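Examining the three-dimensional arrangement
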Amino acid sequence: MSGTCSIGSYLATRLEQIGLKHHFALPGDYNLLLLDQLLLNKNIHQVYCCNELNCSFAAEGYARANGVSACVVTYSVGTLSAFNGIAGAYAEDLPVIFISGSPNTNDLGSYHFLHHTTGTLDFDYILDMARCITCEAVAIRHPEDAPYLIDKAISAALREKKPVYIEIPCNMSGAQCSKPGPLSNLLEMPKSDPASLAAAVGAAADFLGKAVRPVLLAGPKLRAYGGMSTFRDLAETIGCGVAVMPSAKSFFPEQHKQFIGMYLGSVGSLGCDEVVDSADVILAAGPLFNDYTTTGWTAVLDEGNLIHVDPNRVRVSGTTFDNVFLNEFLGELAKVAKRNPASLLEFQRTKEELVKPSVAAPDSPLTRVEMCRQIQEVINANTTLLVATGDSWFNGFNMKLPDGAKFEIEMQWGHIGWSVPATFGYALAAPGRRIVLMVGDGSFQVTAQEVCQMIRLKLPVIIFLVNNHGYTIEVEIHDGPYNNIKEWDYAGIVNVFNANDGQGHGFRATNGGELAAAITQALGHTAGPTLIECTIERDDCTKQLLEWGTKVAAANSRSQQRT
Ligand code: DPX
Ligand code: MG
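Residues numbered from 1 in each chain as written. Chains lettered and ligands numbered in written order. Predicted model: local features only at pLDDT ≥ 70, side-chain atom pairs only at ≥ 80, totals over all residues. Heavy atoms only, no water.

Let's talk about the nonpolar core
With 97 residues, the main nonpolar core has Leu15, Phe24, Ile97, Ile99, Ile166 and Phe444 as its most contacted residues. With eight residues, the single largest contributor to this core is helix H7 (residues 146–160). Leave out the neighbours within four places in its chain, and Ile97 touches Leu15, Ile18, Val68, Ser69, Ala70, Cys71, Ile154, Ala157, Val164 and Ile166. (Core = buried A, V, L, I, M, F, W, Y, C linked by side-chain atoms within 4.5 Å. Buried < 20%, exposed > 50% of the residue type's maximum accessible area, 1.4 Å probe, protein only. Helix = DSSP H or I, 4+ residues; strand = E, 2+ residues; numbered from the N terminus. Contact = heavy atoms within 4.5 Å.)

Shown next, in the form of structure tokens:
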């Protein structure tokens, strides 16, 4: 292990060691030498995006499938664009190693103004901003510090499941530093304080033991903090009803006999909110309750009834136990929790069966219901369904997932445009899966270019582009001329991206027959993506969106209260 290597090669080895097969990149003169160094490592492929925003979202999507990811951009002009996706990764608990190639260190202390900056002598503003949206931000200024700083950042990302920022000056990527050793201590995860863990488990077991009708609720942080399997163990020990929050859809199998649906207050799945609301103890594992997930603060669970399991602490009916980690807590609780299936029995007694939509006539104008009916058929055990911000969220929530199917949503950050590059990144990290995206026309217009990278890398993604002629979610919350968007030829755009060497397919479906034919083509096409533009009426949205939109709008328009 002794000897030296370049800083760029040190970084490449570390990225390889933490399990990356790809990193996403955009060139600029401050990072070109770094990109050259990274290219020397043949075990990780450099993958390109059309702009830095997309690059950050592609890395965010890759981290969803792979657990961790990296993207490399150029200083300031590139970094600032990527910050949006990096902040999104922070919100969504995804460890993205965000690397920026920065100015020559000899310029920093001199009276030198530099391009791509604000035209002042401040060269720290990017690092300062990065600190707000990462869990560790480091800037290499001397080669001998590089191994320490790179390792410090990478281990923070893996430990905290948040993005980190590493700034490498353009005169440093080729400079020598000591070679990387084994990863071992970088991967060490913190352990709960034993006394605190025992106290938390004791209090939770006691609280659950006295409950008449407990339920379990899976939250969005369950996956990032490694609790999906211990959560299932706990659920099976208790035998109670198990609900999921929207961003945790697929974190507990929907075919499991204890599954009672998605909890989203009055717009959750049929019969679920009644059971959760009437439970006297709710164990929420890795939740994040915000205005969206509480449907505009109309579905706020009583803290007194909650066992609130955060990544690193637990609150049992308002009493906090610090230094208790989610996965260990759930595992220990599963060993001592008592059986109580009352909430599941309640659900089974009260549940109403959903009426399956009937098949529409193949030549009648396409409706949202018929579109979803057909998309449902595409979802198999090997599918990952990604849904973009908009009514695609609610269309996605209503989809039934067979065991093995996965669901991805960016509901905390909620950036329109996230889904196209994130799907690209996800598809790259999950080559064997059937990747299906549902995206609205407005969201698509933000980051549409990234379809060309799916074409470039021959990724057989199926994109259902819901053309409802505008920002329908906003139409339902509050309409105005700003919700109208310019019509595009969405199906035709694939040919623009194909140019003379691509094999993407684009179809427009205006009725059920055309949609069925396009889906058949898509399922047989493996040499690139298929985009199916589904044209529906502007107001053809889910009833959940209407109700949710009204409640969120009411929460947004509350006037200032004096307390
Ligand atoms: C906005 C949203 O067409 O979906 O189904 O028609 O709503 P629907 P579209 O993709 O439109 C999305 C649109 C404009 N949200 O309805 S959800 C506000 C918004 C945001 N992110 C950013 N800017 C604005 N969520 C970056
Ligand atoms: Mg739309």
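Structural notes on the coordination of the magnesium ion (ligand 2)
Those protein atoms acting as donors to the magnesium ion (ligand 2) are Asp441 (OD), Asn468 (OD1) and Gly470 (O), and they sit at 2.0 to 2.1 Å. When the donor residues of the magnesium ion (ligand 2) are listed from N- to C-terminus, their spacing reads D-x26-N-x1-G. With Asp441 in helix H17 (residues 441–447) and Gly470 in the loop between strand S19 (462–467) and helix H19 (472–477), this pair connects stretches of sequence that are 29 residues apart. Each member of the pair, Asp441 as well as Gly470, is classed as buried. (Donors = N, O, S within 2.8 Å, 3.2 Å for Na, K, Ca; no water.)

Overview of the site of ligand 1
Of all residues adjacent to ligand 1, which total 16 residues, the nearest are Asp441, Gly442, Ser443, Ile473 and Glu474. Asp391 places a main-chain nitrogen or oxygen 2.8 Å from an oxygen atom of ligand 1. Separating a nitrogen atom of ligand 1 from a side-chain N or O atom of Glu474 is a distance of 2.7 Å. Elements supplying a minimum of two residues to the shell around ligand 1: H17 and H19. Partitioned by chemical class, the residues of the shell around ligand 1 number three nonpolar, 10 polar and three charged. (Near = heavy atom within 4 Å. Polar contact = N/O pair within 3.5 Å; in protein donor to acceptor, adjacent residues only side chain to side chain. Nonpolar A, V, L, I, M, F, W, Y, C, P; charged D, E, K, R; others polar.)

A word on the environment of Thr510
Structurally, Thr510 can be placed in the loop between strand S20 (505–509) and helix H21 (512–523). Spatially, the C-alpha atoms of Thr510 and Glu332 are 54 Å apart, while their sequence positions differ by 178 residues. Every residue in contact with Thr510, bar those within four places of it in the chain, is listed here: Ser364, Pro365, Leu366 and Thr535.

Quick word on the sheet that holds S20
Spatial strand order, S17-S16-S18-S19-S21-S20: six strands in an open sheet with parallel pairing. For this open sheet the edge positions go to strand S17 (406–409) and S20, each flanked by a neighbour on one side alone. Strand after strand, the sheet turns through a mean of 15° between neighbouring axes, direction not considered. In this sheet, S19 lies alongside strand S18 (residues 434–440) in parallel orientation, the contact comprising five bridges. The residue of S19 that forms the bridge with Met438 is Phe464. On the sheet, helix H16 (residues 419–429) packs against strand S16 (383–387), S17 and S18 and is oriented at approximately 175° with respect to S18. (Pairing = 2+ DSSP bridges. Axes fitted to C-alpha atoms, helices over the stretch in contact; angles between N-to-C directions.)

Observations concerning helix H6 (residues 125–133)
Among all positions in H6, only Tyr125, Ile126, Leu127, Ala130 and Ile133 are buried. Here the buried face of H6 lies against helix H4 (77–91), strand S6 (136–139) and strand S7 (164–169).

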